[in-house]
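# Geometric and topological summary
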6 protein chains.
Amino acid sequence: MTGERLPLSDYEAIVNLALAEDIGPGDVTTRACIPVEKRAVARLVAKSDHVLCGIEVAKTIFNKLDPECTFSVGRADGESIPAGETLLVVSGNAAALLMAERTALNFLQRLSGTATLARQFVAATAGTKARILDTRKTTPGLRILQKYAVRCGGAFNHRAGLFDGVLIKENHIRAAGGIAKAIAACRANCHHLIAVEVEVATLDELDEALAAGAMIVLLDNFPPQQAAQAAARVNGRVKLEVSGGVTLENVRAYAEAGVDLISIGRLTHSAPAADISMLFDREIWG
Amino acid sequence: MTGERLPLSDYEAIVNLALAEDIGPGDVTTRACIPVEKRAVARLVAKSDHVLCGIEVAKTIFNKLDPECTFSVGRADGESIPAGETLLVVSGNAAALLMAERTALNFLQRLSGTATLARQFVAATAGTKARILDTRKTTPGLRILQKYAVRCGGAFNHRAGLFDGVLIKENHIRAAGGIAKAIAACRANCHHLIAVEVEVATLDELDEALAAGAMIVLLDNFPPQQAAQAAARVNGRVKLEVSGGVTLENVRAYAEAGVDLISIGRLTHSAPAADISMLFDREIWG
Amino acid sequence: MTGERLPLSDYEAIVNLALAEDIGPGDVTTRACIPVEKRAVARLVAKSDHVLCGIEVAKTIFNKLDPECTFSVGRADGESIPAGETLLVVSGNAAALLMAERTALNFLQRLSGTATLARQFVAATAGTKARILDTRKTTPGLRILQKYAVRCGGAFNHRAGLFDGVLIKENHIRAAGGIAKAIAACRANCHHLIAVEVEVATLDELDEALAAGAMIVLLDNFPPQQAAQAAARVNGRVKLEVSGGVTLENVRAYAEAGVDLISIGRLTHSAPAADISMLFDREIWG
Amino acid sequence: MTGERLPLSDYEAIVNLALAEDIGPGDVTTRACIPVEKRAVARLVAKSDHVLCGIEVAKTIFNKLDPECTFSVGRADGESIPAGETLLVVSGNAAALLMAERTALNFLQRLSGTATLARQFVAATAGTKARILDTRKTTPGLRILQKYAVRCGGAFNHRAGLFDGVLIKENHIRAAGGIAKAIAACRANCHHLIAVEVEVATLDELDEALAAGAMIVLLDNFPPQQAAQAAARVNGRVKLEVSGGVTLENVRAYAEAGVDLISIGRLTHSAPAADISMLFDREIWG
Amino acid sequence: MTGERLPLSDYEAIVNLALAEDIGPGDVTTRACIPVEKRAVARLVAKSDHVLCGIEVAKTIFNKLDPECTFSVGRADGESIPAGETLLVVSGNAAALLMAERTALNFLQRLSGTATLARQFVAATAGTKARILDTRKTTPGLRILQKYAVRCGGAFNHRAGLFDGVLIKENHIRAAGGIAKAIAACRANCHHLIAVEVEVATLDELDEALAAGAMIVLLDNFPPQQAAQAAARVNGRVKLEVSGGVTLENVRAYAEAGVDLISIGRLTHSAPAADISMLFDREIWG
Amino acid sequence: MTGERLPLSDYEAIVNLALAEDIGPGDVTTRACIPVEKRAVARLVAKSDHVLCGIEVAKTIFNKLDPECTFSVGRADGESIPAGETLLVVSGNAAALLMAERTALNFLQRLSGTATLARQFVAATAGTKARILDTRKTTPGLRILQKYAVRCGGAFNHRAGLFDGVLIKENHIRAAGGIAKAIAACRANCHHLIAVEVEVATLDELDEALAAGAMIVLLDNFPPQQAAQAAARVNGRVKLEVSGGVTLENVRAYAEAGVDLISIGRLTHSAPAADISMLFDREIWG
C-alpha cells in the first residue's frame, strides 16, 4: 500500500451526496456571520493515534467548496499518525472551509477508523502466512473507499462485490440443489478468470466441497481448533478462508491454525471512528 | 416514535448506490447456479438483542430486485427485538433474494445499531428532563436514515444540517471577530423561525454568550460538575446543551447536572452494527 | 446584501436543465453559419431600470459554453442599473456566446425582476420596523436563486422550505385536531433550533394561538386595520407576520400597523421580467 | 388543444427538483403534528377566473407523495374555470397531501397563468389569420410545460429550442458576414425538414432577406403601420412574423396589418400567476 | 465538415457510462502491477485506412483519467488516414492511459467506421445532386456522435429525432385515417419552421401525397427505375428522398434517378469498426 | 442460455438515454396527427432469419411510453427466428407505440445481430472443446446488454471489464518492467478469486509466461498452425486463449488447434444488425 491513488470517479458520487445532505440550501450560520472575502488557514489535527486514510477525499471536499484553496502540509494515506499531529493544512476562503469541515471529517474519521483497525489485525498475525481480508459488510455507498482503507491498513480485499468472484453460500446450495450441483454450474458458466469458493459449516461439508472441485473453501464460524483440523485435512490442496467471530484476541490463533485468509466484517461495519478535528489558526486571525 | 414513515425519496439514492456497488454488472454466483424461475422464502432473523430500524428500507431493497415479492411477517421499526426472533419473512424469486440479501442487511444492521445505542442512552437518563440528541457526525449518505434511527431509539434530532439552525462554533467566532458580532449577525440575517445557539468552552464564554443574546448555549467538553455550574448560573434563562466525551457511563451525571440537551456523536459515527442474518427456509426447499 | 456569493452547486442543476432544453442536440443556426473559430465581444445591456441579480449565473452559463471566455466589465448583483448601462462584457467564441445568450438572459431577466420588485417593497416601507419577506410560492427549480434575488433587493427570506421552520396552517390544524394540539406536538418533536409559527384567520384564533404557545403568528389575509388591532392586542409578546393581498399600494399601511414581517408571494410568482439584451460589438466585426 | 397528453418524462426532472427544494430532508411541521395514518380529502379551488393548465402535473405530484391517493373530480387542461370552481379532488394520506400542496400549486398557478394570458391574446385577434406564438423567453426548466400551456390557451408554439428551426438574428448576421451569407449557409447545411427564418429591423433589410432566399421573415420591433407596409411589400411570398412590444392593446392592430405570426415573450416570462388554493374538506375532519 | 467542434455536453453522458462499465470499481491489473507515478507516451495508430472521427472524444477520455495528460500530435476529425499513421500521441500517467485505452478505442473505432462508410457513399454519388443522409437507426446513446460522424464523412444528416421534423409514415397514416388527414393535421399544428415529409410505397400514394400538400416525399423501398419514374412525375415540385435497400453498389443508380436525398440506415447500424490500436512507445520505457 | 433474465437496472440508463435522444421535447408528427386516445395493435416482425435478443428491453421501452400496454404474443431471447415470424404483439396507445418504435427496434436489431453472429461462431466450432468468447470491444453504453446477447447466442463471456479479471497485455508488461514482474505483482495484490491471464505474441513469450506463473495465456494474433504449436507445448498445463483475426472461415481451424478459448471482437463491434420491423395491424384500423 504505497502510493496507490484512488481516482475521483470512485468516490465523487458519495462525496456529492454527503455535501448535499449537510449543506442543503445553504449554511445559514456562515452566510450570516462570515464576511464573504474572509480567508483562513485551517489545520486538520489527529486527536487520537491512528492510521490515516482519506486525505485525498478531504482535499476533494475542500476543493469543491473553494476551487482555489491550497494545501501546504499533508500526510499520506497509510501513515501512522500519533495524536496531536497535523494531517493537513488548508488555506482558502473562510466560509468555504467552515462549510466543508464536517463532511471532510466525517469521511476521514470513518476511513481512518477502518485503516487503523485493519492494521491492528495485520499486526496481530505478523509472521504467519495468513492474509487479513475485508468482507461485503460495508457501509452503503462507501464500498470502494472502505476497501481502499483496508488496503491502507496493510490488509487485503476480498471480492469487490457479487460480480468479481464466486462465493457459494448456504442459501445458494439450498436453492441449487446441493454443493456439487452449485460448483459444477459455476465452473461451467462463469468466465475463466473467476475462481470458485464455497462456504462450508462442517468438516463433512469440507470434504464434499473438495470432492466437487471447489478451488477455495470458506470455513464458516469454525473455532480455531476446528480450523486447524480443516487445514490439516486439506493440506494445501485448496486455499482456506475463515470468517465469523474473529476478534483481535483470537485472530492469531486462526492464523496459526494454518488458514490462508481471515475475513473480518467488523473492519467495515463496526470500526470506531478515529478522532480528528479542524482548527482555524489563531495567528491568522489576530 | 410510533408509526412514523420515511418517504422513499429520502433514501432511494443511497439504496441505489449500495445496490450498484454490490451487484455491479451482475451476481455471477447466482446467475450460474440458481434456476431463473426458482422461488424461495427467506427469513431475516435477529442474532443479537436490538432495537429494530430499517425494515422499510429492507423491503424497498427486496422489491427493487423482485417487484413481485411479498412480505408475510414483519416487525416494526422501533420495536425491541430479542435474539432469535424473525424480523421479516419475504417470499419471492430466489435469485433476487440472494442478490438483495447483503445490501438489505448492511442497512438494517447499521440502522438498528444506531437505534439500539440511542435507546441505551435514553434509558440511562430516564426520569430526567434531558433529551438525548444526535449530531452532524453521521455517515456520508446516511444522514436522513441515521437521524430516523435515532428517533426510532427514542432519542431526538439536532438540526438536520447547516441549513436549519444556527450553531456558532469556535471557528465562526474567530472568523466573525468575536461572539457578540457573530450572534448579532445571525439574529439580523437569519429568518425568524431559526434560533441561535452558541458553543462555549468556559464559564466566562458562557457569560459572554448570554450577554450577547444567545438563545441556546452548547457547553463544549464540559465535565459534569462544570456543566452543573453552568446550569446553576443560567438558571433556565436559556437552554443548555452538552457535547463531547459523553458515554453510557457518564451520561446520567450530565442529565442530573440539569442540562436540557445531550448530543452524542457516537450514536452515528461508532455504533456497533446489530447482528442480523437471512436464512432460506428449509421446508421450502426439501 | 453586500458581497454574498452563491455557490455553484446551489444552481448548477437548473442551469444544466435550462441549457439542455434550449440547445438540445445542437444550435442548427449557429452550426450552419458561424465559422467555428470566430470570436466575438458581447455586451449585456439593461433596457429598463432594474436591480441586478444573476450576474454570476450568467457568467457560469457563458463559461459552460466557452470555458475560455473572459469577462472584462461587470456590475454586481444588488446594484441599481439604469436603462442603457452595460452589465457585463464577455469575450469568447462567437458560436458559444450565441448559444448561451438566451439562457443567460432568461435567468438574468427573471432574477432581476424579482430583485427589482423586492426593492420597491422595501422602499415603500422604509423607516418602519417591518421586514419584507418572500414565500414558498417560488418558481419550480428556482427556489434558491429567487430567495437570493429577494436578498439582492434588500428584503429578507422566510424559511427555505418545509424543513427549516414550523408554520402551522389551517389544513394542519384540521388534521391535527386543533391549534393547541398542533403547537404542542411541534414543540415536543421539532429540534430546539426551530421556532413555531401559526397561521390564524381571526382575532379569536390569534388569542387561541397565543394561549397555546405560538412563538410567531401569521395573520392570514387581514386588512391593515385588523392587522393593527392584532398588533395592539399582542403588544410585542410574539412576532406578527401578515400575508395575503399585500400590494405596493397597501404595504406601507401594513408596516405602519405595527407588524414585524410582511410576506409577499408576488415577489417570486408574478414579478415582471427585467428587460435586458445582448449585443455583439460592431467594432469587433468590422 | 383537445385531449393532448404530455408524457411524464417531459416534466419529471423539474417536478423532482421542485419537490426536493421544498421538502428537502422532511416537512417538520407535518411530521410533528399529523398522525401518520390520517387520511384527508383535499380540493383544489380556483380563486380567480383562468384557463386551466397543469392538472396532470399536479396529479403526478400528489402521486409521488402518496402513490395510493385517488382523484374523484377533475377538470381538464384547457378548460376555462370561473373563480370558485373545484379543479380537482384528491383523497389520500393527510401528511402526503400537505407535503405536496405548495409544489402542486406552484406549477398549476404558473402554467394556468400562461394559458390564461395566451387565450386573451388569441381572443384579441379572433377572426384574423394571425397565429399567436410563444418565444424562447421561457422560465429555466419549464420550457416544455410552458409551451404546452401556450397550446392549452389556444395559441401556437414557435420552435422548441435552438435545434428545431433556423432563426437568423442580428448577431448571427454580424458573425456570419451578412444576411446573404448566413441564409446560404443555413440552407446548405441544415437538414431538409428545417425552414430558415431571418430577423430584420428595417424594410431595406426585409428586401435583402427576401432576395437572399429567406422562407420566413421576423420583423423585429416594427410598429403596426410599418408591419402593414412589410406585409404589403411581401404580398404572401413569405410568411411574416412580428415580435417585440406586442401587448393586449396593440395585438389586434398587428393581426390586422396582415402578418402571419405574432410572437409574445410575456406569455412565458411575465404572465401573472393564476390564484388557486387547496382546502381540506371540513366534513371529512369533523 | 471543416473545423466543426462538438461541445462536450453532447457526449459526456455516454462517455461516463462507457468508462463506468469498463472500469467499474477499478482496473485490478493496472492497480496491481503499474507503479502509481509511472509515466508513459502512447500512440494511437491506424491499422486500416479510414476517415477519422472521434479524436476529441478520445482526448476527453484520456483527460478524465489523467487531467494533466498532454497531446503532442493529433490528426483532425474528417481527415483520411492511411493504415500505419499515428492519429494522436498522448503523454501522461501510465496507469491512466491503460485504463482509458479500451474506452477511447471503442469510440474511435465505431465513429471512424461510420465516417468511412459515409465517405464511400458520398464518393459513389459524386457529381450528382443527391445528398447522402443518415437515419434514426442509430446506436442507443450515440445518436449525436454518429450524426457528427456522418458529417465528418461528408454526408448530411436527416432530422435529429422525432422532434425536429415531420415524417409521416405508414403507421401514422393508418392511425390518422389517411394521408390527407395526416398531412393537414401536421401543417396545422406544427410550428412554421418545420417541413412535412410523407413516406409512400407506390406511385399512386405519391400522387396522393402531392395532392395533399406534402413538401417532401420519401419513396420507401423503391427500386432505382421506379425512383426515376417518381422523379419524372414530380418534376421538381417537391424534394424526393429514397430509403431502403440502398447499397454501395446501387447508390449511384438512385442518385442518377434524380432523387434529392438518399438515406442509408447502415451508416449507423452496421458500419464495420475501423481498426485502431494504442501502443506505448518503446523508447520511453527502455 | 435458457431462461436467464437481465434485471432492469442493468440497462435502464441506456434505455433512458436512447429515448431522450430520439424523442427529445416531443414527437411532433405524432402529436400533430394521432388522436390522443387512439389505440393500436402492433407486431414486431422478423425480416431476416436471426437469433432473437432484446425482447425484454423492447417491452421495457413500450412500457415506458405506455405503462398500460399489454403483450399478447412473445418469442423468447435466444430463440432462432425465421424471417416473417412475429416476435411480439403489443397493444396500447397508438401514439405511445409510434414514439417507442424506433428505439425498441434499435436495441432489438443490434442485440439480435450480435446473438446471431455468436451462434454462427458456436456452430462453426461444434464438437470441439473451444469456447467462443466476447471481448471488451463493446459499444459504449451497451456492455452488459451485448454480453447478454453473446450468451443468448450460446457463446460465453470474457471478463466484464477491467475489474473482474487480470489480463496482462503488452503495454502492462512494458510499464511493469517485464512479464515476470507483472505476474508476480498481480498474484500478490489481487484478491484470491481472480485468476491471472497474460497476453503473449510469440512462443518464446509463452514460455516466459508459463515460467512466471501465468494461469491462462492469451495468444495474440497467432495463426492457427502457431496456435497448435502453442497448445502442444503447453499440453494442458494452463488454459490457452486466441484472439485477433478470427473469422467464421478460420475459427474451426483455431478450435481444432486445441485452444480452450477463442475471443472475437467483431461479435460486439461489427455484427450487422438484424432486420426487424414494426407493423400496425390493418384489421384494427379498418
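Residues numbered from 1 in each chain as written. Chains lettered and ligands numbered in written order. Predicted model: local features only at pLDDT ≥ 70, side-chain atom pairs only at ≥ 80, totals over all residues. Heavy atoms only, no water.

## Details of the overall build of chain A
A count of helices and strands for chain A gives 12 helices and 12 strands. When the backbone C-alpha atoms are referred to their principal axes, chain A occupies close to 75 × 35 × 25 Å. Residues classed as buried in chain A amount to 62% of the 286 residues present. Restricting to contacts in chain A with at least 6 residues of sequence separation, those with at least 24 account for 71%. When the accessible area of chain A is evaluated, it comes to approximately 10,000 Å², of which 51% is carbon and sulfur surface. Charged side chains in chain A number 30 positive and 32 negative. The centres of these two groups are separated by 2 Å. (Helix = DSSP H or I, 4+ residues; strand = E, 2+ residues; numbered from the N terminus. Buried < 20%, exposed > 50% of the residue type's maximum accessible area, 1.4 Å probe, protein only. Contact = heavy atoms within 4.5 Å. Areas by Shrake-Rupley, 256 points an atom, 1.4 Å probe, with all protein chains shown as cover. Lys, Arg positive; Asp, Glu negative; His and termini not counted. Charge placed at Lys NZ, Arg CZ, Asp CG, Glu CD.)

## So, the relation of the copies chain E and chain A
Overlaying chain E on chain A yields an RMSD of 0.0 Å, the required transformation being a rotation through 120 degrees with an accompanying axial translation of 0.1 Å. Read as a symmetry element, the transformation amounts to a three-fold axis. (Least-squares fit on C-alpha atoms with pLDDT ≥ 70 in both.)

## Quick word on the interface of chain E and chain A
Between chain E and chain A, the residue contacts involve 5 residues of the former and 8 residues of the latter. Buried area between chain E and chain A, both sides added, is near 590 Å², and the carbon and sulfur share of it is 58%. Considering only the surface of chain E that becomes buried against chain A, Pro25, Arg31 and Val36 of chain E emerge as the three largest contributors, covering 76% of it. For the interface between chain E and chain A, the tally reads 2 salt bridges. A salt bridge links Arg5 of chain A to Glu37 of chain E; the shortest N-O distance between them is 2.8 Å. Applying the counting rule to chain E against chain A returns 1 residue pair in polar contact (both at pLDDT 80 or more). Its residues placed into classes, the side of chain E that touches chain A shows 2 nonpolar, 1 polar and 2 charged. (Buried area = accessible area lost by both parts, 1.4 Å probe. Salt bridge = Lys/Arg side-chain N within 4 Å of Asp/Glu carboxyl O. Polar contact = N/O pair within 3.5 Å; in protein donor to acceptor, adjacent residues only side chain to side chain. Nonpolar A, V, L, I, M, F, W, Y, C, P; charged D, E, K, R; others polar.)

## Quick look at the environment of Val28 of chain B
Locating Val28 of chain B in the fold gives a position in helix 2 (residues 28–33). For Val28 of chain B, a relative accessible area of 10% gives the class buried. Between the C-alpha atom of Val28 of chain B and that of Arg266 of chain B, which follows or precedes it by 238 residues, the distance is 37 Å. If we ignore the near neighbours within four places in the chain, the residues touching Val28 of chain B are Leu162, Phe163, Gly165, Val166, Cys190 and Ile194 of chain A.

## Considerations on the relation of the copies chain B and chain A
Mapping chain B onto chain A is achieved by rotating through 180 degrees and translating by 0.0 Å along the same axis, at an RMSD of 0.0 Å. Between the two chains, the operation in question is that of a two-fold axis. Interface overlap between copies: 100% of the residues of chain B at the interface are likewise at the interface in chain A, consistent with a symmetric, same-surface contact.

## Remarks on the interface of chain B and chain A
Of the residues lining the interface, 66 residues belong to chain B; the matching set on chain A comes to 66 residues. Here chain B meets chain A over a buried area of about 5,500 Å², counting both sides, of which 58% is carbon and sulfur. Its largest share of buried area at the contact with chain A, chain B owes to Glu21, Leu162 and Arg174 of chain B, together 13% of the area lost on that side. For the pair chain B and chain A, the number of links is 4 salt bridges. The partner of Arg143 of chain A in a salt bridge is Asp22 of chain B, and the shortest N-O contact between them spans 3.0 Å. Where chain B meets chain A, there are 37 residue pairs in polar contact (both at pLDDT 80 or more).

## Observations concerning the pairing of strand 9 (residues 216–220) of chain B
Residues and elements named next belong to chain B. Burial analysis of strand 9 places 4 of its 5 residues in the buried class, which makes it a mostly covered element. The sheet contact formed by strand 8 (residues 196–200) and strand 9 spans 4 bridges and is parallel. Considered in strand 9, the bridge of Glu197 is made with Ile216. Read from strand 8 through helix 8 (residues 203–211) to strand 9, the crossover connection turns out right-handed. (Pairing = 2+ DSSP bridges. Right-handed = clockwise from strand over helix to strand, strands pointing away.)

## So, the sheet that holds strand 6 (residues 131–133) of chain F
Backbone hydrogen bonds are what pair the strands of a sheet, in a parallel or an antiparallel way. Residues and elements named next belong to chain F. On the basis of which strands lie adjacent, the open sheet formed by 6 strands has the order 6-11-10-9-8-7 and parallel pairing. Each having just a single partner strand, strand 6 and strand 7 (166–168) make up the two edges of the open sheet. Going across the sheet, the axis of each strand differs from the next one's by a mean of 25 degrees, ignoring polarity. Sheet contacts for helix 9 (residues 224–234): strand 9 (216–220) and strand 10 (239–243); angle to strand 10, the most-contacted strand, approximately 170 degrees. (Axes fitted to C-alpha atoms, helices over the stretch in contact; angles between N-to-C directions.)

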